[in-house]
Amino acid sequence: MTRTSPTVTPEEWAFTDLDGRIESASRGLSHLLGVGRLRRGDDFLNLFPLPRKALRHDIAGALGGWPVRRDVSMGAPGLRERKIRYRVSRRLQLGGEGLFWLLDEVSTGAAAAA
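Here we summarise the structure given alongside this text.

Calculation notes
- Here, residues in each chain are numbered from 1, in the same order as that chain's written sequence.
- The predicted nature of this model means local features are confined to residues of pLDDT at least 70 and side-chain atom pairs, given and counted, to a pLDDT of 80 or more, with totals for whole chains, interfaces and linings taken over all residues.
- Heavy atoms from the whole structure form the basis of all side-chain values; hydrogens and water molecules are not counted.
- Secondary structure elements follow DSSP: runs of H or I no shorter than four residues count as helices, runs of E no shorter than two count as strands, and numbering proceeds from the N terminus.
- We call two residues contacting when some pair of their heavy atoms lies within 4.5 Å.
- Put simply, a salt bridge is a Lys or Arg side-chain nitrogen that is within 4 Å of an Asp or Glu carboxyl oxygen.
- Only protein chains enter the accessibility calculation, which uses a 1.4 Å probe. A residue is then buried if its area is under 20% of the maximum for its type, exposed if over 50%, and partly exposed in between.
- DSSP-based pairing: two strands are paired if at least 2 bridges between them are found.
- All axes here are fitted lines through C-alpha atoms, helices being fitted over the stretch that makes contact, and every angle between N-to-C directions spans 0 to 180 degrees.
- Expected helix span is computed as 1.5 Å times (number of residues minus one).

Next up on the list: the environment of Ser89. Residue position: Ser89 is located in strand β4 (residues 82–93). When near neighbours in sequence (up to four residues on either side) are disregarded, Ser89 contacts Ala62, Pro67, Gly98, Leu99 and Phe100.

Next up on the list: the pattern of salt bridges. Any two side chains of opposite charge can pair, given that their charged atoms come close. According to the stated counting rule, one finds seven salt bridges in the structure shown. When the shortest N-O distance is used, the salt bridge between Arg85 and Asp71 registers 2.9 Å. You can see Arg85 sitting in strand β4 and its partner Asp71 sitting in strand β3 (residues 68–74), a full 14 residues away along the chain. By relative accessible area, which is 35% here, Asp71 ends up partly exposed. Here the salt bridges share partners, and the residues they tie into one network are Glu11, Arg87 and Asp104.

Taking strand neighbours across the sheet as the criterion, the five strands line up as β2-β1-β5-β4-β3 in an open arrangement whose pairing is antiparallel. Taken across any chain shown, the strands that pair with only one partner, and hence form the sheet edges, are β2 (22–25) and β3. The sheet shows a mean angle of 25° between the axes of neighbouring strands, taken without regard to direction. Relative to strand β5 (residues 96–106), strand β1 (residues 12–16) runs antiparallel, the two sharing five bridges. Bridging from a neighbouring strand, Glu12 pairs with Leu103 of β5.

Before going further, it helps to spend a moment on helix α2 (residues 52–63). Spanning twelve residues, α2 covers 16 Å between terminal C-alpha atoms, matching the ideal 16 Å at 1.5 Å per step. On its buried side, α2 packs onto β3, β4 and β5. Taken from the residues just after α2, Gly65 is the one with a positive phi, measuring 100°.

The following block contains the structure:
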């Protein structure tokens, strides 16, 4: 019998300010996104192959109280294209608001089922 349930890699996360600047992130996030080491203050939004307007729309939805989920195709020279799913939600903190990003790679079987 073949497996029918979708599989995903372990989730990675990032906390950013409202402008998308990284405040903290999980250790495996840069590997998942196929980029070099991520540092505090890096522009997280530049890592996605989406127009800034689409990302701002997702952020506005999250700030309105509705966590937003989106699947994106990411490719890098020398690497196969991958489907990454992100979920962004509002994060309340002492200094105001911020964003919480949860990311994982969707397996090819799960991407085909979606």
